[in-house]
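Results of the structural survey
Each chain, written out:
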Amino acid sequence: MTIRPHRIGVLALDGVVGLDLGTPAQVFGAARTADRRPLYAVDTCTPGGRPVRSSAGFRVLPDHGLDLLATVDTVVVPGLHGGPPMTDGTIDPAVSGALRDAHRRGARIMSICTGAFALAAAGLLDGHRATTHWAHTDRFRRLYPQVDLDPDVLFIDSGRVLTSAGVAAGIDLCLHVVRGDHGSEVANRAARRCVVPPWRDGGQAQYIERPVPRTPASGTAATREWARQRLHEPVALRELAAHARMSVRTFTRHFRSETGLSPAQWLLQQRTDHARLLLETTDLAIDQVARRAGFGTTAALRQHLNTRIGVSPSAYRRTFRRIPAAGPSGPAAGPSGTESGGLRLVAEHP
């Protein structure tokens, strides 16, 4: 069966953030079938197809104007520094119209970081829960009081409109979309290709003013990897601390500083994610999945999966074992953000 790549249009506005601009093409371009066929095609547009300045000292020369948004399946608005959506709550009517038209015809709409200001200015977030970079919380609430802003999460998926927190949280959101479209196996391969963690729960708190551990020797990364290899076994806190050669109290403090979670919360998250992967990629019976993920019983797995994502193991398997619907055809998306995204970058200074 020929898979027609899902088409994604990235809308760059003046002051676009460079990392946010390249993230969709990089992450979605890395999402491929087992035989390496691309699952997404990413193109970039600007108002009128004109060059726009980035916040990093280069200009973006796109291949498309706003008419691109009338043809794609998903629209992504990267973060921006400054401009009317962030200063006075307005947006170019042509941009607003293109975004609203895309939403009206059923396209999925996403923002990364302060791209949420553009969606809010277009009225697409009115009455909905959304997030953006924590540093811009006060400004966002002042300009858009009609939006239910939650600045304490990495991303929010409200169905057809999705928003993410700042900078690297855009990667988490894109991987979340890949996971929802094509399952954990494809998302995990894409994450490995991008050399990033395959999953950070959208409800995880943004890392606000969190100090970095002073020395690598004090870290718990090796112990976390050791625990991941033993998810099917009972792993007590004292065993984790002993592996890290720390007291329980010191280990717990370092662990929470590095992950934002307690060891027990982290283990539960890892076990739930492993169970999801087994449900998606194997034909193991539910009780076998429960044992291999460390839950022990089907009842325990059912309880934790319901708490985490609101569905039973069997319902989750039925949903994610389906073959994703093919999207409209489009050019193949490669791993490079600048080439596959339909844009050129030009330095502002020699």
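Below is a short write-up of the structure. On a predicted model such as this, the values are computed, not experimentally measured, just so you know. All residue numbers refer to position in the chain's written sequence, counted from 1. With the structure being a predicted model, the display of local features is reserved for residues of pLDDT at least 70 and the display and counting of side-chain atom pairs for 80 or more, all residues being used for whole-chain, interface and lining totals. Computation of side-chain values covers all heavy atoms of the structure but excludes hydrogens and water.

**Topic: the state of the cysteines**
Any two cysteine sulfur atoms within 2.5 Å of one another count as a disulfide. Under the defined criterion, the tally for this structure stands at 0 disulfides. No disulfide involves Cys174; its sulfur sits 9.3 Å from that of Cys194, the nearest cysteine. A relative accessible area of 0% means that Cys174 is categorised as buried. Only protein chains enter the accessibility calculation, which uses a 1.4 Å probe; a residue is then buried when its area is under 20% of its type maximum, exposed when over 50%, and partly exposed in between. Note on Cys194: relative accessible area 19%, which makes it buried.

**Quick word on helix α7 (residues 184-194)**
Residues spaced three or four apart along an α-helix face the same direction, because each turn holds 3.6 residues. Put simply, DSSP marks the helices as runs of H or I at least four residues long and the strands as runs of E at least two long, and each gets a number from the N terminus on. Three or more residues of α7 are buried, namely Ser184, Val186, Ala187, Asn188, Ala190, Ala191 and Cys194. One or two positions beyond α7, positive phi appears at Val195, with a value near 55°.

**Details of helix α1 (residues 18-29)**
Between its terminal C-alpha atoms α1 stretches 17 Å, which fits the 16 Å expected from 12 residues at 1.5 Å a residue. All of the buried residues in α1 are Asp20, Leu21, Thr23, Pro24, Ala25, Val27, Phe28 and Gly29. To estimate the expected span of a helix, count its residues, drop one, and scale the result by 1.5 Å.

**Examining the sheet that holds strand β2 (residues 40-45)**
In this analysis, strands are considered paired if DSSP registers two or more bridges between them. Taken in spatial order, the 6 strands of this open sheet run β2-β1-β5-β6-β10-β9, and their pairing is mixed. Across the chains shown, the open sheet's two edge strands, defined by having one partner strand only, are β2 and β9 (155-157). The sheet shows a mean angle of 15° between the axes of neighbouring strands, direction not considered. Along the sheet face, α1 touches β1 (6-11), β2, β5 (74-77) and β6 (108-111) and points at about 165° away from the line of β2. Axis definition: a line fit to C-alpha positions, over the contact stretch in the case of helices; interaxial angles, taken between N-to-C directions, run 0 to 180 degrees. Throughout, a contact is declared for two residues whenever any of their heavy atoms are within 4.5 Å.

**Quick word on the packing of aromatic side chains**
Remark: the centre distance and the inter-plane angle together describe each pair of aromatic rings, the angle taken between the planes. Classification of ring pairs rests on two measures: the distance between centres of Phe, Tyr or Trp rings, Trp counted by its six-membered ring, which must be within 6.5 Å, and the angle between planes, read as stacked under 30 degrees, edge-to-face over 60 and tilted in between. Within the structure shown, the criterion is met by 6 aromatic pairs. Plain terms: the ring middles of Phe117 and Phe140 are 4.9 Å apart, the flat faces sit at 80° to each other, and that makes the pair edge-to-face. One end of the pair, Phe117, is in helix α4 (residues 115-121); the other, Phe140, is in helix α5 (residues 137-143), with 23 residues separating them in the sequence. The exposure classification of Phe117 matches that of Phe140, with both residues buried. Residues Phe251 and Phe255 carry aromatic rings whose centres are separated by 5.5 Å and whose planes lie at 50° to one another, so their mutual orientation is tilted. Of this pair, Phe251 and Phe255 are both found in helix α10 (residues 248-259), 4 residues apart, which corresponds to roughly one turn of the helix. Taken individually, Phe251 and Phe255 each receive the classification buried, so the pair is uniform in this respect. Three or more aromatic residues joined by ring pairs make a cluster, and in this case those are Phe117, Phe140 and Tyr144.

**Here we look at the side chain of Ser164**
Relative to the assigned elements, Ser164 resides in strand β10 (residues 161-164). Dropping the residues within four chain positions of it, Ser164 is found in contact with Ser111, Ile112, Cys113, Thr131, Thr132, Leu154, Phe155, Ala169, Gly170 and Leu173.

**Side note on the side chain of Asp20**
Following the sequence through the fold, Asp20 ends up in helix α1. Not counting residues up to four positions away in its chain, the partners in contact with Asp20 are Pro78, Gly79, Ile112, Cys113 and Val167.

**Overview of the packing of α7 against helix α11 (residues 263-281)**
Viewed as axis vectors pointing N to C, α7 and α11 meet at an angle of 120°, and their least axial separation amounts to 9 Å. Compared by their axis directions, α7 and α11 come out oblique. Facing α7, whose interface residues are Ser184, Glu185 and Asn188, α11 presents Leu277, Glu280 and Thr281. Lys, Arg, Asp and Glu make up the charged group, whereas Ala, Val, Leu, Ile, Met, Phe, Trp, Tyr, Cys and Pro make up the nonpolar group; the residues left over, Gly among them, are polar. Here the residues of the contact of α7 with α11 are counted per class, giving 1 nonpolar, 3 polar and 2 charged. Any angle from 65 to 115 degrees is called roughly perpendicular, while one under 35 is roughly parallel, one over 145 is roughly antiparallel, and all others are oblique.

**Details of unusual backbone geometry**
Non-glycine residue Cys113 carries a positive phi angle of around 55°. Secondary-structure assignment places Cys113 in the loop between β6 and α4. In this structure, Arg245 is a non-glycine residue whose phi angle is positive, near 60°. Along the polypeptide, Arg245 turns up in the loop between α9 (237-243) and α10. On the basis of relative accessible area, Arg245 is assigned to the exposed category, the value being 80%.

**Remarks on the pattern of salt bridges**
Salt bridge, as used here, is a side-chain nitrogen of Lys or Arg placed within 4 Å of a carboxyl oxygen of Asp or Glu. Within the structure shown, the criterion is met by 11 salt bridges. Across the salt bridge formed by Asp35 and Arg37, the nearest N and O atoms sit 3.1 Å from each other. Residue Arg37 is classed as partly exposed on the basis of its relative accessible area, which comes to 34%. Between Arg179 and Glu280 there is a salt bridge whose closest N-O contact spans 3.9 Å. With Arg179 in helix α6 (residues 169-182) and Glu280 in helix α11, this pair connects stretches of sequence that are 101 residues apart. There is no split in this pair, since Arg179 and Glu280 are both buried.

Fair warning: the whole summary comes from geometry, so function is off the table for now.
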